[in-house]
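Coordinates in review
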Amino acid sequence: MFGNLFIHSRFLIDAHNAVFLKPASHRFADLVVRHFDGLPARSRVLDYGTGADVGGITAALRLTEPDLMLADINPDALFMATINAEFAELSSVARSIQRPCDIDHDFDLIVMHPPFMIDFGRRTYRDGGSLYGGQLSLDWGMDGMSRLAPGGRLVMHTGASVVGKRDVLRDAFWDAMPASGFTLDYQLFGPDIFGEELSNPIYADVDRIAAVGLRIERVP
């Protein structure tokens, strides 16, 4: 993405801890760049659920003095992400954590690209949990808010199931957001992705899956 090289898992992707890139990875990198305005040259950046570290590297290369942390529960992801950061000539710290709020300091920028599919195999790179696959996106977003410095922002690319013409993830975020102290910008990238999945009985209630991006900012 944007001239960078990333190692990742080979196809076919069937391993539980696979780490791979896809067209959405480019959309994720583009989203990070588009929400980069106003960040200080010396910023703390967290790439949570880092995978191959697309978001973290894209952000850190645009900073004069980046302080980059890579976090994931998948040891294979942390291994590959660290190599990719080194190849990009970036210093980074890798952490194995369960939730963003487990980290003991705040960040100017948090980037996330969580899994968002319904997956009975519960594969780490694919399963988004309940809320028609959106629960992990909601949990990561709400947890990440607690680790934003004043004026800091969280940028996420994910997918959202549309059920009965209702974007269930968007509604869940609006319901969960605090009444003050934070702003939410929720954007539609693509109205219909992974259409082939809808023939699976586990998606019987889902009209379509949308590609979405969101930005949560902590008010200074």
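See the structure above.
Thresholds applied
- Residues numbered from 1 in each chain as written.
- Predicted model: local features only at pLDDT ≥ 70, side-chain atom pairs only at ≥ 80, totals over all residues.
- Heavy atoms only, no water.
- Helix = DSSP H or I, 4+ residues; strand = E, 2+ residues; numbered from the N terminus.
- Rg over C-alpha atoms; globule rule 2.2 N^0.38 Å.
- Buried < 20%, exposed > 50% of the residue type's maximum accessible area, 1.4 Å probe, protein only.
- Phe/Tyr/Trp six-rings, centres within 6.5 Å; stacked < 30°, edge-to-face > 60°.
- Salt bridge = Lys/Arg side-chain N within 4 Å of Asp/Glu carboxyl O.
- Pairing = 2+ DSSP bridges.
- Right-handed = clockwise from strand over helix to strand, strands pointing away.
- Contact = heavy atoms within 4.5 Å.
- Core = buried A, V, L, I, M, F, W, Y, C linked by side-chain atoms within 4.5 Å.
- Polar contact = N/O pair within 3.5 Å; in protein donor to acceptor, adjacent residues only side chain to side chain.

Across its full length, the protein chain carries five helices and eight strands. Helices and strands appear in the protein chain in the N-to-C order α-β-α-β-α-β-β-α-β-β-α-β-β. For 220 residues, the compact-globule formula gives about 17 Å, and the C-alpha radius of gyration of the protein chain, at 16 Å, lands near that figure. The principal-axis extent of the C-alpha atoms belonging to the protein chain is close to 50 × 45 × 30 Å. A buried classification covers 53% of the 220 residues belonging to the protein chain.

Under the counting rule described, the total for this entry stands at two aromatic pairs. Consider the rings of tyrosine 48 and tryptophan 140, whose centres lie 4.7 Å apart with planes at 80°: the pair is edge-to-face. In this pair, tyrosine 48 is assigned in strand β1 (residues 44–48) and tryptophan 140 in helix α4 (residues 135–145), connecting sequence segments 92 residues apart. Here tyrosine 48 falls in the buried class, since its relative accessible area comes to 3%.

With that out of the way, let us pick up the pattern of salt bridges. Counted according to the given criterion, the structure contains 12 salt bridges. We note a salt bridge from aspartate 67 to arginine 44, for which the minimum N-O separation is 3.5 Å. Linking aspartate 67 in strand β2 (residues 67–72) with arginine 44 in strand β1, this pair joins segments that are 23 residues apart in sequence. The closest approach of N and O atoms between glutamate 217 and arginine 215, which form a salt bridge, is 2.7 Å.

For the rest of this paragraph, the subject is unusual backbone geometry. In this structure, glutamate 89 takes a positive phi of about 60° despite not being glycine. Examined against the element boundaries, glutamate 89 turns out to sit in the loop between α3 (75–87) and β3 (92–96). For glutamate 89, a relative accessible area of 75% corresponds to the exposed category. In this model, tyrosine 132 sits at a positive phi of 55°, which is unusual for a non-glycine residue. Position of tyrosine 132 among the secondary structure elements: in the loop between β4 (107–112) and α4. Accessibility expressed as a relative area gives 31% for tyrosine 132, which makes it partly exposed.

Where β2 lies against β3, five bridges are found, and the strand directions are parallel. Bridge assignment links alanine 71 to a residue of β3, and that residue is arginine 95. Where the polypeptide runs from β2 across α3 and back to β3, its parallel neighbour, the crossover connection is right-handed.

Within α4, burial applies to Ser137, Leu138, Trp140, Gly141, Asp143, Gly144 and Met145. On its buried side, α4 packs onto β1, β4, β5 (148–163), α5 (168–176), β7 (182–190) and β8 (208–218).

In this section: the environment of methionine 69. Within the secondary structure, methionine 69 is located in strand β2. Taking C-alpha positions, methionine 69 is 19 Å from tyrosine 125, a pair spaced 56 residues apart along the chain. With sequence-adjacent residues up to four places away left out, methionine 69 is seen in contact with Val45, Leu46, Asp47, Val93, Arg95, Ile103, His105 and Phe107.

Attention shifts here to the nonpolar core. Ranked by size, the top nonpolar core spans 27 residues in total, and within it Leu46, Leu154, Phe173, Leu214 and Ile216 carry the most contacts. Broken down by secondary-structure element, the contributors of at least two residues to this core are β1, β2, β4, α4, β5, α5, β7 and β8. Ranked by residues supplied to this core, first place goes to β5 with five residues. Look past the residues within four positions of phenylalanine 173 in its chain and what remains in contact with it is Ser137, Leu138, Gly141, Met142, Met156, Leu184, Leu214 and Ile216. If you look at the next biggest cluster of nonpolar residues, it comprises 24 residues, including Phe28, Phe36, Leu68 and Leu70.

Looking now at the environment of aspartate 127. Structurally, the position occupied by aspartate 127 is in the loop between β4 and α4. Through-space distance from the C-alpha of aspartate 127 to that of phenylalanine 116 is 6.1 Å; in sequence the pair is 11 residues apart. In this structure, aspartate 127 is in contact with Pro115, Met117, Asp119, Arg122 and Leu136, ignoring residues within four places of it in sequence. In terms of polar contacts, aspartate 127 uses its side chain to reach the backbone amide nitrogen of glycine 129, at 3.3 Å.

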